[in-house]
Structures are given as structure tokens and as C-alpha cells.
Amino acid sequence: LSDDLIAKITDYLKKSFESEQEFYKQTHANLRKELDQIQNLISRLVDAHLDGKIDGDIYEQKLNEYKSRQLEITSLMGAHVASQESRSRSKLSLI
């Protein structure tokens, strides 16, 4: 391979890596935002229950729903981080 071709390939891989990093950051930020929103909903739900605005059945139903989504998001974030770290190591070894 010529030096020019090697330089073009290296440049392409670096740009691809940077683009993927930006996508990762944005996706992680979106998941973090949703996780914060769920926590806010849980907090408001607890307050509504303590204030007597909702009964125990509705409280339990909604709490389980929110907690389930919270676990899904946490799992997605963990899988996303692991996947990103794996891809980053692979790409860095190529560069």
C-alpha cells in the first residue's frame, strides 16, 4: 500500500471513530436524561401517595412500571458502555 493510501485509510478510521464517539455521548446523554425523568416521576408518585392523592393499588402499579423502565434504561446504559469500549479498543488497535 502506498503512503498516501495508508494516510487516507487512517484518516477515515479516525473520523469514523470520532463520529462514533459523538453518537455514543449523545445516546448516553439521552438515556441519562430519561433515567432522571423516571426518578422524578417516582419522587412525584411517592409524594402523591403520601399526600393521599392516589391509593395503594395505583401507587404500586405505577411504581412497578417506573422501576421496570428504570432497570431497562440502566441495563441499556451498561450494554451500551460495554459495546462502546469493545469497539473503541478494536478501532484503536487498527489505528
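What you are looking at is a predicted structure, and each value in this text was computed from that prediction instead of being measured.

1. Side note on the overall build of the protein chain
For step 1, the next point in the chain: Scanning the protein chain for helices and strands turns up two helices and zero strands.
For step 2, the next point in the chain: Its C-alpha atoms give the protein chain a radius of gyration of 22 Å, clearly above 12 Å, the size a compact globule of 95 residues would have.
For step 3, the next point in the chain: Overall, the C-alpha framework of the protein chain stretches about 75 × 15 × 10 Å when taken along its three principal axes.
For step 4, the next point in the chain: Pairs at least 24 apart in sequence give 76% of the contacts found in the protein chain among residues at least 6 apart.
For step 5, the next point in the chain: On the protein chain, roughly 6,900 Å² of surface is accessible, and the fraction owed to carbon and sulfur atoms is 54%.
For step 6, the next point in the chain: Of the charged side chains in the protein chain, 14 are positive and 16 negative, and the gap between their average positions amounts to 5 Å.

2. Focus: the nonpolar core
For step 1, the next point in the chain: By size, the foremost hydrophobic cluster in this structure holds 10 residues: Leu 31, Leu 35, Ile 38, Ile 42, Leu 45, Tyr 59, Leu 63, Tyr 66, Ile 73 and Met 77.
For step 2, the next point in the chain: For Leu 45, the residues in contact, after removing those within four places along its chain, are Ile 54, Tyr 59, Lys 62, Leu 63 and Tyr 66.

3. What to know about the pattern of salt bridges
For step 1, the next point in the chain: Counted under the stated rule, the structure contains six salt bridges.
For step 2, the next point in the chain: Note that Lys 62 is salt-bridged to Glu 65, the shortest N-O span being 3.2 Å. Of this pair, Lys 62 and Glu 65 both sit in helix α2 (residues 56-94), three residues apart, which is roughly one turn of that helix.
For step 3, the next point in the chain: Here the salt bridges share partners, and the residues they tie into one network are Glu 34, Arg 69 and Glu 72.

Conventions adopted
Residues numbered from 1 in each chain as written. Predicted model: local features only at pLDDT ≥ 70, side-chain atom pairs only at ≥ 80, totals over all residues. Heavy atoms only, no water. Helix = DSSP H or I, 4+ residues; strand = E, 2+ residues; numbered from the N terminus. Rg over C-alpha atoms; globule rule 2.2 N^0.38 Å. Contact = heavy atoms within 4.5 Å. Areas by Shrake-Rupley, 256 points an atom, 1.4 Å probe, with all protein chains shown as cover. Lys, Arg positive; Asp, Glu negative; His and termini not counted. Charge placed at Lys NZ, Arg CZ, Asp CG, Glu CD. Core = buried A, V, L, I, M, F, W, Y, C linked by side-chain atoms within 4.5 Å. Buried < 20%, exposed > 50% of the residue type's maximum accessible area, 1.4 Å probe, protein only. Salt bridge = Lys/Arg side-chain N within 4 Å of Asp/Glu carboxyl O.

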